[in-house]
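The primary structure of each chain is shown beneath.
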Amino acid sequence: MKYIEVEQKFALTQPDKLKKELEERGAKRGPAVRQVDTYYNTPHRDFLAPAVISEWLRLRETDTGASVNYKRWLPEDAEIKTHCDEYETPVEDVEALRRTLIALDFTKLVTVDKTREEWTIPGEVIVAFDTVADAGHFVEFEFKGEAESAEEAITRLQEFIDGLDVRLGDRINRGYPHMLLGRER
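Presented here is a report on the structure given in the accompanying data block. Just so it is clear, the model here is predicted, and its values are computed rather than measured.

### Here we look at the nonpolar core
Side chains of a nonpolar character, in soluble globular proteins, are inclined to be buried together.
Moving on, step 1. By size, the foremost hydrophobic cluster in this structure holds 21 residues, and its most contacted members are Leu-18, Leu-22, Val-127, Val-139, Phe-141 and Phe-160.
Moving on, step 2. Broken down by secondary-structure element, the contributors of at least two residues to this core are helix 1 (15-24), strand 7 (107-121), strand 8 (125-132), strand 9 (136-143) and helix 3 (150-162).
Moving on, step 3. For this core, the leading source of residues is helix 3, giving four residues.
Moving on, step 4. Sequence-distant contacts of Leu-18, that is, excluding residues within four places in its chain, are made with Val-127, Phe-129, Val-139, Phe-141, Leu-164, Val-166 and Leu-168.
Moving on, step 5. Judged by nonpolar contacts, the second largest core, of 13 residues, contains Trp-73, Leu-109, Val-112 and Met-179.

See below:
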C-alpha cells in the first residue's frame, strides 16, 4: 500500500523473548541504526494547535543518508489513530533542505534521537526495536504486506500481533515527538 502506513507501538517489556519468536518465524535482523529525526512546524498552520495532533513534517538523518517525511494520521479527528498518509523521499543535501525550511519560516519543534533495530518478515511486517533518548524502549509493528485497503492492513497487523506468544507492554497511541513534547495526544 504505497503512501499509507499502518503501525502499532508498544512499551518493550520482553525484547529477548520477542526476538527469539521473530527468529523462529524466519525474520531477518538488520543492524542497529541511529536515527536523528527533527520535526518542524509550518508557518501557514500550526501542527500543535489541534487537541489531537494529526500531522508531522520530519527530517531524518542516519549514517547512511537522509530523508524528508510528511505524515497525516487518520482518522484525523479520532484520538486513537489507525493509519496515516505517508510521503517520504531521500534527501541528497540535508543541510540545504534544513536551510530551506528555516528560510521559509518553518520552526523546529523537537528532535527525536533513537537507535532502531529492524527485523523483517518479508512481505508481512517490520518489527522495529527502538531506544529513544529521554523516552525509553519501544517496539513498533508496521504492516508491509499487500492489502486492498487500510482496514484490511489494520486487521492483518492486529492478527500478527495477537498471534505472538509474547506479552507486550502497554500499547502506545502517540508518537515519540508527542512524548518528548509532553503531549498526550
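We are not done yet, so read on.
### Some thoughts on the sheet that holds strand 4 (residues 55-62)
Moving on, step 1. The strand order 1-6-5-4-3-7-8-9-2-10 describes an open sheet built from 10 strands, whose pairing is antiparallel. The strands lining the two open edges of the sheet, one partner per strand, are strand 1 (4-5) and strand 10 (171-172).
Moving on, step 2. Helix 1 contacts strand 3 (28-41), strand 7, strand 8 and strand 9 of the sheet and is inclined by roughly 160 degrees relative to strand 8.

### Regarding the packing of aromatic side chains
Moving on, step 1. Using the criterion set out here, one finds seven aromatic pairs in the structure.
Moving on, step 2. An angle of 55 degrees between the planes, with centres 5.7 Å apart, marks the rings of Tyr-3 and Tyr-87 as tilted. Here Tyr-87 lies in strand 6 (residues 83-91) and Tyr-3 lies in the segment before strand 1, a separation of 84 residues in the sequence.
Moving on, step 3. Assessed through its relative accessible area of 46%, Tyr-3 is described here as partly exposed.
Moving on, step 4. The class of Tyr-87 is partly exposed, set by a relative accessible area of 40%.
Moving on, step 5. Between Tyr-70 and Tyr-87, the aromatic rings sit 6.2 Å apart at their centres with planes inclined by 5 degrees, giving stacked as the arrangement. Within this pair, whereas Tyr-70 is found in strand 5 (residues 65-74), its partner Tyr-87 is found in strand 6, the two being separated by 17 residues in sequence.

### Quick look at helix 1
Residues that lie three or four places apart on an α-helix share one face, since the helix turns once every 3.6 residues.
Moving on, step 1. Restricting attention to buried positions, one finds in helix 1 the residues Leu-18, Lys-19, Glu-21 and Leu-22. For helix 1, the angular spread of the buried residues around the axis is 160 degrees, confining them to a single face. Exposed and facing more than 90 degrees away from the buried side of helix 1 are Asp-16, Glu-23 and Glu-24.
Moving on, step 2. If you follow the buried residues of helix 1, they end up packed against strand 3, strand 7, strand 8, strand 9 and helix 3.

### A short note on the pattern of salt bridges
Moving on, step 1. For the structure shown, the criterion picks out 21 salt bridges.
Moving on, step 2. Glu-142 serves as the salt-bridge partner of Lys-144, at 3.2 Å between the closest nitrogen and oxygen.
Moving on, step 3. Exposure remark for Lys-144: the relative accessible area of 42% places this residue in the partly exposed category.
Moving on, step 4. Take Glu-142: its relative accessible area is 16%, and that puts it in the buried class.
Moving on, step 5. Between Glu-184 and Arg-174 there is a salt bridge whose closest N-O contact spans 3.9 Å. With a gap of 10 residues between them, Glu-184 in the segment after helix 4 (176-181) and Arg-174 in the loop between strand 10 and helix 4 connect regions that are remote in the sequence.

Conventions adopted
- Residues numbered from 1 in each chain as written.
- Predicted model: local features only at pLDDT ≥ 70, side-chain atom pairs only at ≥ 80, totals over all residues.
- Heavy atoms only, no water.
- Core = buried A, V, L, I, M, F, W, Y, C linked by side-chain atoms within 4.5 Å.
- Buried < 20%, exposed > 50% of the residue type's maximum accessible area, 1.4 Å probe, protein only.
- Helix = DSSP H or I, 4+ residues; strand = E, 2+ residues; numbered from the N terminus.
- Contact = heavy atoms within 4.5 Å.
- Pairing = 2+ DSSP bridges.
- Axes fitted to C-alpha atoms, helices over the stretch in contact; angles between N-to-C directions.
- Phe/Tyr/Trp six-rings, centres within 6.5 Å; stacked < 30°, edge-to-face > 60°.
- Arc of directions from axis to C-beta.
- Salt bridge = Lys/Arg side-chain N within 4 Å of Asp/Glu carboxyl O.

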